[in-house]
Amino acid sequence: MLNSTSPQSVWRRYLNSLRSGWVSLRGRRSRHIRRGVRRSGFEATEALEHRVMLAGAIGEVTSFTKISDTAGGFTATLDDEDRFGESIADIEDLDGDGIRDIAVGTRLDDDGGSNRGATYVLLLNANGTVKSQKKISDTQGGFTATLDNSDFFGNALTSLGDLDGDGITDLAIGANGDDDGGGAYSDHGAVYVLFLNADGTVKSHQKISDTQGGFTATLGSGNRFGCSLTNLGDLDGDGIVDLAVGAFGDSDGASSAGAVYVLFLNSDGTVKSHQKISATSGGFTATLDPVDLFGYSLSSMGDLDGDGNADLAVGTGGDDDGGTQRGAAYLLFLDSDGTVKSHQKISDTEGNLQAHWKMETSLDARYQILVIWTATALLTWLSEHKRMTMAEEIVGRSTHFF
């Protein structure tokens, strides 16, 4: 029998607190019911809860489904080095069957030319296998844009919710090798906003780049705009979701120090305005060094500090705190105009990372790592779907463990 202070007991109490939080919130879901015959999506939340509870009881995965060229009901044919799965986004219940669906990036797909990239929309069964799929590429899926070699379309993905109000989830896709505004292989980068049909094909699209989509910033060679994406929710309060876009090769302050753009969107996918966050812009007071690659990865954190604005986690894969390219993450507390109110760095030497992570051998450390990773994953999943109140409850319930 486990004692009350064992890591397993702590883990179970933590998961039970999550269950209690979700139970108390079930009544609040009624105001979020989708139009038409679609279900609210809470069944998926309950399924996630049950899976976490089962896994947490013994600290391991209870079941899984692999989707690949040979498994999971996926009938497309992948080629060598397609890199299927390098990016993934939850796109809610696209086809209205009550089961959540996903988009999967394949940035080195060769439809139409070398490494132009592609994205698969996978309509799922409840057991995680693929019921059907649609490929979106230079030659398929109703996508009418022209991709060039090494555009890497699909290198990053994020759901935009129902941006155009037709009742169907829409999708932002990075193409960080795009050359708009520069010469061949200049890698300025781009983002495509895809307005989807319920079967996963593309109804229409809007490109955002150095020369298109109302984006007035000036990108440079190797900026890789679109290397990462995350839905920030409605940051400026105009009723339309906004988008954060990484550009890890930006050289504000130092070569390839990196940058993030906050894009305030119109419902047609064009950019109403933007705010750049870098070593020299956006109220960000941290010092970035050459090849820090700030913006390499992004995740919305919901309203972490309770000020009513979404906050943002930014990966900085080349940071050298404590040693060469050990990496770091910055938590950015945002104002509604996209500027940075304050920040917290988490690295080998800052942000109390050692206290929670550098205990490689102890059993207690392994369970604490499981708790942290589970809480982070759940927060990201919830905030992507605008369940800010639920995310705040989980944060409040989890902090007393550390």
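Remember, it's a predicted structure, so these values are computed and weren't measured experimentally.

### Considering the environment of Thr 339
Phase 1 of the analysis: Turning to its location among the elements, Thr 339 is positioned in the loop between β15 (328–334) and β16 (340–346).
Phase 2 of the analysis: The buried category is assigned to Thr 339, whose relative accessible area is 18%.
Phase 3 of the analysis: Filtering out sequence-adjacent residues up to four positions away, Thr 339 remains in contact with Gln 275, Gly 282, Phe 333 and Leu 334.
Phase 4 of the analysis: Engagement of the side chain of Thr 339 in a polar contact is seen with the side chain of Asp 337, the distance being 2.6 Å.

### So, the sheet that holds β16
Paired through backbone hydrogen bonds, the strands of a sheet run either parallel or antiparallel to each other.
Phase 1 of the analysis: If you trace the 4 strands from one edge of the open sheet to the other, you get β13-β14-β15-β16, paired in antiparallel fashion. Of all strands in the sheet, those with a lone pairing partner are β13 (294–300) and β16, marking the two edges. Taking each pair of neighbouring strands and ignoring which way they run, the sheet shows an average axis angle of 25°.
Phase 2 of the analysis: For strand β14 (residues 311–316) and β15, the ladder comprises 6 bridges, and the chain directions are antiparallel. Considered in β15, the bridge of Val 314 is made with Tyr 330.

### Description of the confidence of the model for the protein chain
Phase 1 of the analysis: A residue-level look at the protein chain finds 73% of positions with pLDDT of 70 or above and a mean pLDDT of 83.
Phase 2 of the analysis: Below a pLDDT of 50 lies the segment residues 17–44, which in the model reaches 48 contacts outside its immediate sequence neighbourhood of four places, other chains included.
Phase 3 of the analysis: Note on residues 378–402: pLDDT under 50 across the span, and 60 contacts to partners over four residues away in sequence or across chains.

### Notes on the packing of aromatic side chains
Phase 1 of the analysis: The tally for this structure, following the rule as stated, stands at 13 aromatic pairs.
Phase 2 of the analysis: Look at Phe 143 and Phe 153: their rings are 4.9 Å apart centre to centre, the planes differ by 20°, and that puts the pair in the stacked class. With Phe 143 in the loop between β4 (130–137) and β5 (153–161) and Phe 153 in strand β5, the pair connects residues that are 10 residues apart, well separated along the chain. For the pair Phe 143 and Phe 153, a shared accessibility class is recorded, and that class is buried.
Phase 3 of the analysis: Ring centres 4.9 Å apart and planes at 20° place the aromatic pair Phe 284 and Phe 294 in the stacked group. Residue Phe 284 is located in the loop between β12 (271–277) and β13, and its partner Phe 294 is located in strand β13; the two are separated by 10 residues in the primary sequence. In terms of burial, Phe 284 and Phe 294 fall into one category: buried.
Phase 4 of the analysis: Grouped by ring-pair contacts, the aromatic residues Phe 74, Phe 84 and Tyr 120 constitute a single cluster.
Phase 5 of the analysis: The lysine or arginine in question, Arg 107, covers the ring of Phe 152, its NZ or CZ lying 5.5 Å from the ring centre.

Conventions used here
Residues numbered from 1 in each chain as written. Predicted model: local features only at pLDDT ≥ 70, side-chain atom pairs only at ≥ 80, totals over all residues. Heavy atoms only, no water. Helix = DSSP H or I, 4+ residues; strand = E, 2+ residues; numbered from the N terminus. Buried < 20%, exposed > 50% of the residue type's maximum accessible area, 1.4 Å probe, protein only. Contact = heavy atoms within 4.5 Å. Polar contact = N/O pair within 3.5 Å; in protein donor to acceptor, adjacent residues only side chain to side chain. Pairing = 2+ DSSP bridges. Axes fitted to C-alpha atoms, helices over the stretch in contact; angles between N-to-C directions. pLDDT = per-residue confidence, 0-100. Phe/Tyr/Trp six-rings, centres within 6.5 Å; stacked < 30°, edge-to-face > 60°. Lys NZ or Arg CZ within 6 Å of the ring centre and 35° of its normal.

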